[in-house]
Structures are given as structure tokens and as C-alpha cells.
Amino acid sequence: MRLIHIGLCALFAVLFFSCKKESNVEPVKIDRFDTELYQLLKHPGDSSAERQFLKKYDDFLPVYLNGVLHAPQAGKMQSIAALRTFFQDSTLMKLYADEQAKFQNLTAFERELGVAIGHYKKFFPKDQGLKFSMHLSGLSQSVVTVGNRVSIAGDKYLGKNYPLYRGHYYDYQIPEMEQGGLVRDAMKAFLFGRFPLENQKNLLDQMVYQGKIQFLLMQLLPDVKPELLFGYTQKQWEWLQKSEGEIWHYMADNQHIYSTDPMVEAKYIGEAPFTTCFGDESPPKIGVWIGYRIVQAYMDKTDTPVSELFSQVDGKAVLQESGYRP
């Protein structure tokens with residue numbers, strides 16, 4: 001009887017902690033802007049459905065036309081008839097059909113976003129709720145934010161072997177176009193919009209700011225490998241661990257840390273296959289990673305709550321208080 005009692009206690013404990021863990025997951029539903037528009041394009045004539053669609057996405061459609069599709073005369077195109085004309089291109093419709101086939105069910109992504117939002121709400125309980133949607137970008141922007149809506153371009157996550165990517169993107173960009181990066185990119189875009197950079201004076205300010213974004217992203221997606229949240233391979237991640245001191249001393253010796261030169265900033269922060277200062281085996285955006293390491297040291301040393309992560313906007317003050325010395 002004692003063994004049965006212990007077994008039941010263990011079972012109840014597992015169920016208790018499972019329920020507790022589940023309670024942190026916010027309900028998330030991704031609106032299928034992409035599917036709804038695709039159906040209207042493929043099956044014209046339902047004026048009621050068209051009106052409902054235009055009303056539902058009245059905040060997003062102008063941004064979609066201007067900022068995503070870069071449609072000519074976008075201000076005059078806010079009708080299904082005009083959109084149908086735009087999407088007559090056979091390559092664009094092929095891309096649309098492939099995106100629809102790839103993303104028939106978004107339950108797993110909704111679940112992962114729910115976990116991230118659940119963590120976010122613990123830190124920022126007063127923030128308004130988020131709306132998510134998916135759109136077709138025509139291989140343009142991966143994620144778009146409009147107010148409290150975050151919209152994800154499904155056609156940017158069709159897999160590194162998707163044939164239309166070849167010739168359209170650089171080889172170093174294509175490995176990032178896997179489904180595994182979808183939630184990461186959505187949450188990162190949200191954080192950039194929610195916590196914009198203020199009063200940048202030099203490279204260090206930009207590094208620390210982006211380091212804060214990465215630090216918070218790690219709190220929201222703790223089950224994702226850190227290298228994947230940076231968009232790095234395991235080999236690149238290991239290179240960084242071994243080279244941290246060398247990177248920092250190089251930046252200090254060359255007076256790059258407080259540089260205001262846009263060209264210097266681009267070397268450390270910009271999109272590239274590698275960081276030119278350190279050779280073609282180095283990962284790109286080394287400045288973002290160093291910024292993260294400074295923020296990590298700052299948070300550890302000062303016991304700053306995550307909710308106050310963005311309160312200190314002076315990168316130099318964060319560096320000094322962090323005691324960062326690789």
C-alpha cells in the first residue's frame with residue numbers, strides 16, 4: 001500500500017507541475033491573411049467575403065501593399081480586383097501555392113509563440129495583447145509589425161533547398177530560411193518594435209541595445225538553443241566562445257568600441273557572411289554577440305530585473321557597471 005501511495009503522489013506531482021507549466025502558455029491564433037487572400041484570388045466573385053477581408057485587415061493592408069509588396073500605386077490598389085491583377089504573375093502564384101502547401105497547419109508555431117508570450121507577460125504584465133498573422137511577401141520582408149500585429153512571411157521559410165531562393169539570395173542567407181527560424185524572427189521583430197533604440201551615440205550603444213534584444217529573446221524562448229537564436233551554426237558558436245577575448249581586445253586596440261563611423265558599425269552589426277575584421281571563418285554580426293555578453297554580465301552583476309532591462313539606455317554605463325572583462 002505504501003508503494004501505491006508513493007506512486008500516486010509522484011503522479012500527482014507530475015500533473016501539478018505540468019499544469020503549472022501549461023498555465024504560462026498564452027493562447028495564440030495566427031490569422032491566415034495569406035490563405036484568405038489566396039482563396040479570394042483563386043475564386044473571385046464572392047463580394048461578401050471580399051468586404052469582410054478588407055474590413056478585417058484594414059490596418060495591415062496599406063502596409064502590406066506599400067512596405068511588403070512595394071506595389072505600384074499602392075494607394076489605389078486596396079481592392080481585391082487590383083490585388084488579383086498584381087498577383088497574375090505566374091512565378092508569384094507558384095510561390096503562393098508552395099507557401100500554402102507548406103503551411104497548412106500552424107498549431108506548432110502557435111504553441112511556440114504562446115510559450116514566448118507567456119514568458120513575456122511575466123515580465124511585462126501590463127502590455128497589450130499581440131495579434132499574429134501570416135502573409136506572402138514575394139520574397140521580401142520576413143516579418144512586419146503594424147501596431148500590435150506581427151505578420152510573418154510564410155514564403156521566407158520554405159527550406160534551404162527551395163529552388164526559387166537560388167539566384168534571389170546570397171548563399172549565406174539561405175540556411176536561415178527554415179521553419180525553425182519563424183518564431184524567433186517573429187518575436188525578435190516584435191521586441192525591436194516594442195523597445196526601439198534611443199539616443200545612439202556610437203557603436204557600443206548599438207551593440208548593447210541589440211545585446212538586450214537577444215538577452216530578452218533568450219528569456220522568452222529558453223528551450224531554443226542559444227546559437228539558433230543568434231542565427232549561428234554550432235561551429236560559429238564554438239568559434240565565438242574561443243575568440244571572445246581576442247575580439248574584445250581587437251575592438252579596444254583599434255578604438256572601434258566608441259566609433260561613430262557607419263562603416264565600422266556595418267562591419268560589426270551588418271548583414272554579411274562573416275565579420276571582415278576576423279576572417280571568413282568568423283560568424284557575422286560579432287558586435288551583437290559581444291553586446292549580448294556585456295548585457296549578460298550587467299544583468300548578473302547588478303541583479304537588474306528583466307522588466308527594467310531597457311531602462312538604462314547609455315551603452316557606456318552598462319559596460320562600466322557590468323565589469324565585462326573577457
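Just above, that's the structure.
A brief report on the enclosed structure follows. Please read all numbers here as calculations on a predicted model, not as lab measurements.

**Overview of the overall build of the chain**
Within the chain one finds 14 helices and four strands. Along the first, second and third principal axes, the C-alpha set of the chain runs to 75 × 65 × 35 Å. In the chain, buried positions account for 46% of the 326 residues. Within the chain, contacts between residues separated by at least 24 positions form 64% of all contacts whose residues are at least 6 apart in sequence. Accessible surface, the chain: about 17100 Å² in total, of which carbon and sulfur atoms supply 53%. Across the chain, 36 positive and 38 negative side-chain charges occur, with their mean positions spaced 4 Å apart.

**Some details on unusual backbone geometry**
In this structure, N199 is a non-glycine residue whose phi angle is positive, near 60°. By the element assignment, N199 lies in the loop between α8 (182-194) and α9 (203-220). The class of N199 is exposed, set by a relative accessible area of 58%. Positioned with a positive phi, Q255 is a non-glycine residue whose angle comes to about 55°. Counting through the fold element by element, Q255 comes out in the loop between α11 (234-253) and α12 (262-269).

**Description of the pairing of strand β3 (residues 143-146)**
As a general feature of sheets, a regular strand has side chains that alternate between the two faces. Pairing of β3 with strand β4 (residues 149-153) involves four bridges; the strand directions are antiparallel. Counterpart to V146 in the pairing with β4 is R149. The antiparallel pairing of β3 with β4 creates a hairpin that spans two residues between the two strands, and G147 there sits at a positive phi of about 60°.

**Regarding the side chain of K156**
Relative to the helices and strands, K156 resides in the loop between β4 and α8. Buried within the structure, K156 lacks any salt-bridge partner; D155 is the closest side chain of opposite charge, at an N-O distance of 7.2 Å. Within the structure, K156 has its side chain in polar contact with the backbone oxygen of S140 (distance 2.6 Å). A distance of 2.9 Å separates the side chain of K156 from the side chain of S142, its partner in a polar contact. Non-local contacts of K156, meaning those with residues more than four positions away in its chain, are made with S137, L139, S140, Q141, S142, Y165, Y169 and M177.

**A closer look at α11**
Taking 1.5 Å per residue, 20 residues should reach 28 Å; α11 reaches 28 Å between its end C-alpha atoms and fits that length. The largest bend in α11 is about 65°, located at S243. Buried within α11 are the following residues: Q236, W237, W239, L240, S243, E244, I247, W248 and M251. Among the structural elements, α9, α10 (226-230), α12, α13 (286-302) and α14 (315-322) are those in contact with the buried residues of α11. Taken from the residues just after α11, Q255 is the one with a positive phi, measuring 55°.

**What about the packing of aromatic side chains?**
Within the structure shown, the criterion is met by 28 aromatic pairs. Taking the centre distance of 4.9 Å and the plane angle of 90° together, the rings of F33 and Y57 count as edge-to-face. On the criterion of sequence distance, the pair formed by F33 in helix α2 (residues 33-42) and Y57 in the loop between α3 (47-56) and α4 (61-68) is long-range, its members being 24 residues apart. A relative accessible area of 0% places F33 in the buried class. Y57 sits in the buried class, given a relative accessible area of 1%. Taken together, a centroid distance of 6.3 Å and an interplanar angle of 80° make the contact between W237 and W289 edge-to-face.

**Structural notes on the sheet that holds strand β1 (residues 30-31)**
Reading across from one edge, β1-β2-β4-β3 is the order of the four strands in this open sheet, with mixed pairing throughout. The sheet terminates laterally at β1 and β3, the two strands that pair on one side only. In this structure, strand β2 (residues 131-135) lies alongside β4, joined through five bridges in parallel fashion. Bridge assignment links H135 to a residue of β4, and that residue is A153.

Parameters and conventions
- Residues numbered from 1 in each chain as written.
- Predicted model: local features only at pLDDT ≥ 70, side-chain atom pairs only at ≥ 80, totals over all residues.
- Heavy atoms only, no water.
- Helix = DSSP H or I, 4+ residues; strand = E, 2+ residues; numbered from the N terminus.
- Buried < 20%, exposed > 50% of the residue type's maximum accessible area, 1.4 Å probe, protein only.
- Contact = heavy atoms within 4.5 Å.
- Areas by Shrake-Rupley, 256 points an atom, 1.4 Å probe, with all protein chains shown as cover.
- Lys, Arg positive; Asp, Glu negative; His and termini not counted.
- Charge placed at Lys NZ, Arg CZ, Asp CG, Glu CD.
- Pairing = 2+ DSSP bridges.
- Salt bridge = Lys/Arg side-chain N within 4 Å of Asp/Glu carboxyl O.
- Polar contact = N/O pair within 3.5 Å; in protein donor to acceptor, adjacent residues only side chain to side chain.
- Expected span 1.5 Å × (residues − 1).
- Bend = angle between axes of the 7 residues up to and from the residue.
- Phe/Tyr/Trp six-rings, centres within 6.5 Å; stacked < 30°, edge-to-face > 60°.

Keep in mind that these numbers describe shape and distance, not what the molecule does.
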